[in-house]
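The chain contents come next:
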Amino acid sequence: MTATRSTALLTDRYELTMLQSTLRNGTANRHSVFELFARRLSGGRRYGVVAGVGRALDALADFRFGDAELTWLREADVVDAATLAWLADYRFGGSIWGYPDGEVYFPQSPVMVVEGTFAECVVLETLLLSVLNHDSAIATAASRMITAAGDRPCIEMGSRRTHEASAVAAARAAYIAGFAATSNLEAGRTHGIPTTGTSAHSFTLLHDTERDAFEAQIASLGPGTTLLVDTYDIPEAIRTAVGLAGHELGGVRLDSGDLVSLARAVRQQLDGLGATSTRITVTSDLDEHAIAALAVAPVDGYGVGTSLVTGSGVPTSGFVYKLVSRAGDDGAMVPVAKKSQDKVSVGGRKHALRRLDATGRAQAEVIGIGDVPDRDGDDRPLLVELVRDGERVHHDTLDAARTRLRTALAELPAAARQLSKGDPVLDTIYETTD
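Calculation rules
- Residues numbered from 1 in each chain as written.
- Predicted model: local features only at pLDDT ≥ 70, side-chain atom pairs only at ≥ 80, totals over all residues.
- Heavy atoms only, no water.
- Helix = DSSP H or I, 4+ residues; strand = E, 2+ residues; numbered from the N terminus.
- Buried < 20%, exposed > 50% of the residue type's maximum accessible area, 1.4 Å probe, protein only.
- Contact = heavy atoms within 4.5 Å.
- Areas by Shrake-Rupley, 256 points an atom, 1.4 Å probe, with all protein chains shown as cover.
- Lys, Arg positive; Asp, Glu negative; His and termini not counted.
- Charge placed at Lys NZ, Arg CZ, Asp CG, Glu CD.
- Axes fitted to C-alpha atoms, helices over the stretch in contact; angles between N-to-C directions.
- Parallel < 35°, antiparallel > 145°, perpendicular 65-115°, else oblique.
- Nonpolar A, V, L, I, M, F, W, Y, C, P; charged D, E, K, R; others polar.
- Phe/Tyr/Trp six-rings, centres within 6.5 Å; stacked < 30°, edge-to-face > 60°.
- Pairing = 2+ DSSP bridges.
- Polar contact = N/O pair within 3.5 Å; in protein donor to acceptor, adjacent residues only side chain to side chain.

**Q** I would appreciate a short explanation of the overall build of the protein in the present structure.
**A** Across its full length, the protein holds 15 helices and 19 strands. Projected onto its principal axes, the C-alpha coordinates of the protein cover approximately 85 × 60 × 35 Å. Taking all 434 residues of the protein together, the buried fraction comes to 51%. Across the protein, the fraction of contacts at a sequence separation of at least 24, relative to all contacts at a separation of at least 6, is 73%. Carbon and sulfur atoms make up 50% of the accessible area of the protein, which totals about 19,100 Å². Taking the average place of the 43 positive charges on the side chains of the protein and the average place of its 56 negative ones, the gap between the two points comes to 3 Å.

**Q** Help me out: how do you make sense of the packing of helix H1 (residues 13–25) against helix H4 (residues 81–88) in this one?
**A** Any two packed helices are characterised by how steeply their axes cross, that is the angle between the axes, and by the distance between the axes. Orientation of H1 relative to H4, taken along the N-to-C sense of each, is 105°, at an axis distance of 10 Å. Considering their axes alone, H1 and H4 lie roughly perpendicular with respect to each other. Touching Leu16, Leu19, Gln20 and Leu23 of H1 are Thr83, Trp86 and Leu87, all from H4. The residue makeup of the contact of H1 with H4, split by class, is five nonpolar, two polar and no charged.

**Q** Where do I start with the environment of Val425 in this structure?
**A** Looking at where Val425 falls in the secondary structure, it is placed in the loop between helix H15 (398–411) and strand E19 (427–432). Assessed through its relative accessible area of 16%, Val425 is described here as buried. Separated by twelve residues in sequence, Val425 and Pro413 have C-alpha atoms that sit 6.7 Å apart. Those residues within four positions of Val425 in sequence are excluded, and the remaining contacts are Arg46, Phe106, Leu412, Pro413, Ala415 and Ala416.

**Q** How do you make sense of the packing of aromatic side chains when you look at a structure like this?
**A** Each pair of aromatic rings is reported with the distance of its centres and the angle of its planes. Counting across every chain of the model gives six aromatic pairs. Judged by centre distance (5.7 Å) and plane angle (45°), the rings of Phe34 and Phe118 are tilted. Taken together, the positions of Phe34 in strand E1 (residues 31–38) and Phe118 in helix H5 (residues 118–122) put the pair 84 residues apart, joining distant regions of the chain. By the burial criterion, Phe34 is buried, and Phe118 matches it. Taking 5.6 Å as the distance between ring centres and 90° as the angle between the ring planes, the aromatic pair formed by Phe63 and Phe65 counts as edge-to-face. Residue classification places Phe63 among the buried residues on the basis of a relative accessible area of 0%.

**Q** I'm lost on the sheet that holds strand E9 (residues 251–254) in this one. Help?
**A** Pairing in this open sheet of six strands is parallel, and the strands run E7-E6-E11-E10-E9-E8 from one edge to the other. Either end of the sheet is taken by a strand with one partner, and the two such strands are strand E7 (181–182) and strand E8 (226–228). Pairing of E9 with strand E10 (residues 279–282), which is carried by four bridges, proceeds in the parallel orientation. Along E10, the bridge assignment pairs Gly251 with Arg279.

**Q** Whenever I open this one, helix H2 (residues 53–61) confuses me. Can you help?
**A** Counting along an α-helix, one turn takes 3.6 residues, and residues three or four places apart therefore face a common direction. Of all the positions in H2, only Val53, Gly54, Ala56, Leu57, Ala59 and Leu60 are classed as buried. Where H2 is buried, its residues meet strand E3 (95–98), helix H6 (125–149), helix H7 (164–177), strand E17 (384–388) and strand E18 (391–392).

**Q** When you look at the side chain of Ser109 in this model, what are you seeing that I'm missing?
**A** Tracing the backbone shows Ser109 in the loop between strand E4 (104–105) and strand E5 (112–117). A distance of 2.9 Å separates the side chain of Ser109 from the backbone nitrogen of Phe106, its partner in a polar contact. There is a polar contact of 2.9 Å between the side chain of Ser109 and the side chain of Glu365. Residues within four places of Ser109 in sequence aside, it is in contact with Leu36, Phe37, Tyr99, Glu365 and Ile367.

The structure is reproduced here in structure tokens:
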């Protein structure tokens, strides 16, 4: 995970065949602007959360065609010799602007604006889309779970339900959205996310008795540990746990059954035994709707796995990457756009701001075509400079992204917190310059 590895072949073949064609006909160096955006919010979500920008910039730094990549392309007869020579010297020298990690977005929001020659921009399409489509889908689902959880913490624990590399990316996205910790150690090492975890049912089953298992865990991790109490009989496990750890027992975890009624019964039993500060964590295939249903239960935290790392049924954000402007024969920039049915795009380079009222409440997503929209004093610009002349200039922290998302969500109308399917809570308004 930490070794430097080229990201250049994490792409689709047609990007290189387009490159070859433009090198042959002389259009490769036309100045161009590509934009990454979503035509709609997937899954009837009311807002989307941007995540993966930092990862995309890391991947861009490793987008190099070394000897191994060039040899494979040559042997597989993907492109001709002239194109291979061009790729050997490839370094992105353009500029990128975008919504930073933790910002919210809406249909047509110019989440990323990539500017340079056609050749150097087009080859980045698949890499940027694969990172942002995945991470933003996870962050959006995670944000809905955090909303449902209220002030109760959520733990990301979906590593066993997705690709090993996706697990690390999902943990990062979930942390941006407000998750408190992850079970994934590589995510802890790579991104500095707090890690947590104690034991599974196999640990209890390994021992001759549940008491033996609890004794071993407490001896190793201390009485403040969290014990898994639903392997056999829950009331008996609670009595054993409190008998061994006393009132210092940190927590118990429930992983099956009717979690609302079980949590109530466990809380009552713990309090009756004097373990009033022992926390109850629930797991077991939770999503935002299950978490919302548990709001009435005496639960102290949630562990979320499968639903989180699969975007809670929406595993991609639906981002596309389209050419919106390019230089004409005279060098002047010409807006271009698709006219295909159901896939219409809007030509021209975009600029974006969030229209706020005097109280700081968001009113609309305002997109300027060709120039920055007029600001009324309360509006907030959304695009930040990420790469300038090929050099990365944006170095964000995950804590900054977490804070950014909290601020952005606080601006949105109350309908944003509804979990049902609905329309985006902000309309997108275009402003054009003469």
